[in-house]
Number of protein chains: 2
Amino acid sequence: MGKNGILAIISGPSGSGKGTAVEKLLQKGNYALSISATTRSPREYEVPGVHYFFYSKEQFEEMKKNGLLLECAEFCGNYYGTPKAYVEEQLQSGKNVILEIEVQGALQVKKIYPSAVLIFLIPPNLEELGRRLVQRGTEDKETINKRMHRAIEEMEFVDDYDYVVINDSIDTAVEDIDMILRAESMKCSRNKDIKKVFKGEI
Amino acid sequence: MGKNGILAIISGPSGSGKGTAVEKLLQKGNYALSISATTRSPREYEVPGVHYFFYSKEQFEEMKKNGLLLECAEFCGNYYGTPKAYVEEQLQSGKNVILEIEVQGALQVKKIYPSAVLIFLIPPNLEELGRRLVQRGTEDKETINKRMHRAIEEMEFVDDYDYVVINDSIDTAVEDIDMILRAESMKCSRNKDIKKVFKGEI
């Protein structure tokens with residue numbers, strides 16, 4: 001049928017395992033990662049068009065004005081955003097595109113792309129999140145406490161999402177996300193030409 | 001979490017393999033079949049409360065009046081319907097309940113139960129449906145032609161459904177239906193208490 005892929009937005013509190021989940025999904029083959037645009041300078045190892053699309057502030061503002069960004073935000077004086085063209089190219093090639101962004105950006109995208117699937121990845125519970133952050137051993141007690149409070153705040157947005165996936169085991173969570181997207185691809189709203197296919201007209 | 005099951009309605013043209021798909025789903029354990037109510041007389045082998053709930057016309061009309069049926073229809077002078085109580089009991093026990101009914105009934109149920117998942121099962125295409133009906137060898141050419149025309153008519157309702165599953169291989173189709181229901185169980189709208197669970201409050 002040459003069906004379009006699905007735009008999947010994955011968000012979740014720090015410690016939810018988003019990064020690992022996205023990496024593992026990409027290994028499945030039928031997934032592409034959205035490449036962000038930014039106005040910050042490239043770091044030494046960063047390749048334009050692989051890690052980021054690098055633009056000047058003027059270029060970025062021009063893109064925004066022309067509706068060429070799915071979402072954007074300012075962070076530490078630099079702009080970050082998701083260029084529409086790359087995402088659409090990948091979707092049209094049949095790949096599911098993953099966007100790992102925070103809540104505000106996710107809601108911006110959903111407005112432009114109502115067919116985007118919003119997935120909220122969470123640790124099983126607050127206690128377990130605390131345990132994971134302590135185990136990681138990279139932050140002091142105060143930072144861990146801050147992160148846990150931030151997680152509670154972020155959980156307030158779960159109702160704006162379509163699906164909630166509990167990351168108890170990372171492999172199960174990745175299978176769950178994949179399952180959600182496979183189920184979504186069977187939605188009647190994503191198969192508008194099914195009657196013609198059935199009758200052998202296309 | 002003691003979560004409720006999902007009400008899954010499966011419809012589809014004759015020859016789509018609904019019956020077999022439902023049988024195979026029931027073998028999965030976490031599924032219950034809805035038991036219909038009828039005013040027709042029990043056949044010799046039929047056990048009340050297993051194959052059907054048998055009621056008099058007066059009892060049936062009383063149930064309908066009191067809103068105790070999810071849907072009902074008349075067929076050959078007898079009433080058929082889906083008693084709400086049995087379905088709700090099974091859902092509350094955490095089982096997914098399967099309702100194999102035709103389009104009109106499905107739409108009636110969706111009105112009362114917006115959280116019901118409507119799945120339309122179809123053969124891959126009209127040609128394959130014809131091949132299957134011929135292979136079955138139980139109907140003459142005229143009946144087969146009628147069925148194929150009826151299938152085209154029924155396909156018009158696919159847009160009223162939530163999902164369309166193509167029965168190319170019956171085992172894959174059953175896995176697809178199961179996958180849809182597992183994905184549905186991760187919908188945020190079906191996990192309203194997730195914030196409390198996360199905080200360890202329940």
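These figures come from a predicted structure and were not determined experimentally. (Residues numbered from 1 in each chain as written. Chains lettered and ligands numbered in written order. Predicted model: local features only at pLDDT ≥ 70, side-chain atom pairs only at ≥ 80, totals over all residues.)

1. A look at the relation of the copies chain B and chain A
Part 1 of the reasoning: The two copies are related by a screw operation: chain B maps onto chain A through 180° of rotation and 0.0 Å of translation along the axis, at an RMSD of 0.0 Å. Expressed as a symmetry operation, the mapping of one chain copy onto the other fits a two-fold axis. (Least-squares fit on C-alpha atoms with pLDDT ≥ 70 in both.)

2. Comments concerning the packing of helix H5 (residues 126–136) of chain B against helix H6 (residues 141–155) of chain B
For any two helices packed against each other, the geometry comes down to the angle between their axes and how far apart the axes lie.
Residues and elements named next belong to chain B.
Part 1 of the reasoning: Running from N to C, H5 and H6 cross one another at 145°; their axes reach a closest spacing of 10 Å. The two elements H5 and H6 cross, and the hand of that crossing is right-handed. Side by side, H5 and H6 meet where Leu126, Leu129, Gly130, Leu133 and Val134 of the first sit next to Ile144, Arg147, Met148, Ala151 and Ile152 of the second.
Part 2 of the reasoning: Considered class by class, the residues forming the contact of H5 with H6 number eight nonpolar, one polar and one charged. (Axes fitted to C-alpha atoms, helices over the stretch in contact; angles between N-to-C directions. Helix = DSSP H or I, 4+ residues; strand = E, 2+ residues; numbered from the N terminus. Left-handed = near helix turned anticlockwise from the far one by under 90°. Contact = placed C-beta atoms within 7 Å. Nonpolar A, V, L, I, M, F, W, Y, C, P; charged D, E, K, R; others polar.)

3. Things to note about the sheet that holds strand S4 (residues 52–54) of chain A
Residue and element names in this part refer to chain A.
Part 1 of the reasoning: Pairing within the open sheet is mixed, and its four strands lie in the order S4-S3-S6-S5. Every other strand in the sheet has two partners, leaving S4 and strand S5 (69–75) as the edge strands with one partner each. The mean angle between the axes of side-by-side strands here comes to 25°, regardless of whether they run parallel or antiparallel.
Part 2 of the reasoning: Relative to strand S6 (residues 78–83), S5 runs antiparallel, the two sharing five bridges. (Pairing = 2+ DSSP bridges.)

4. So, unusual backbone geometry
Residues and elements named next belong to chain A.
Part 1 of the reasoning: The phi angle at Cys76 is positive, at roughly 50°, despite the residue not being glycine.
Part 2 of the reasoning: With respect to the element layout, Cys76 can be found in the loop between S5 and S6.
Part 3 of the reasoning: Judged by C-beta crowding, with 6 C-beta atoms within 10 Å, Cys76 ranks as exposed. (Buried ≥ 20, exposed ≤ 12 C-beta atoms within 10 Å, placed from the backbone.)

5. What to know about the sheet that holds strand S1 (residues 7–11) of chain A
Residue and element names in this part refer to chain A.
Part 1 of the reasoning: The parallel open sheet is built from five strands, whose spatial order is S2-S7-S1-S8-S9. Of all the strands in the sheet, the pair left with one neighbour each is strand S2 (31–33) and strand S9 (163–166). Sheet twist, expressed as the mean angle between neighbouring strand axes with direction ignored, is 30°.
Part 2 of the reasoning: The pairing of S2 with strand S7 (residues 96–100) spans three bridges and is classified as parallel. Paired with Ala32 across the strands is Val97, a residue of S7.
Part 3 of the reasoning: Across the sheet, helix H3 (residues 84–92) is in contact with S1, S2 and S7; its angle to S7 comes to roughly 145°.

6. Things to note about the pairing of S6(A)
Part 1 of the reasoning: Counting buried residues in S6(A) gives five out of six residues, a clear majority hidden from the surface.
Part 2 of the reasoning: Where S5(A) folds back onto S6(A) in an antiparallel hairpin, the turn is made up of two residues, including A:Cys76, whose phi is positive at roughly 50°.

7. Quick notes on the interface of chain B and chain A
Part 1 of the reasoning: In this assembly, 28 residues from chain B lie in contact with 28 residues from chain A.
Part 2 of the reasoning: Every element with two or more residues in the side of chain B that touches chain A is listed here: H5, H6, strand S9 (163–166), helix H7 (170–184) and helix H8 (194–198) of chain B.
Part 3 of the reasoning: For the side of chain B that touches chain A, a count of residues per class yields 17 nonpolar, three polar and eight charged.

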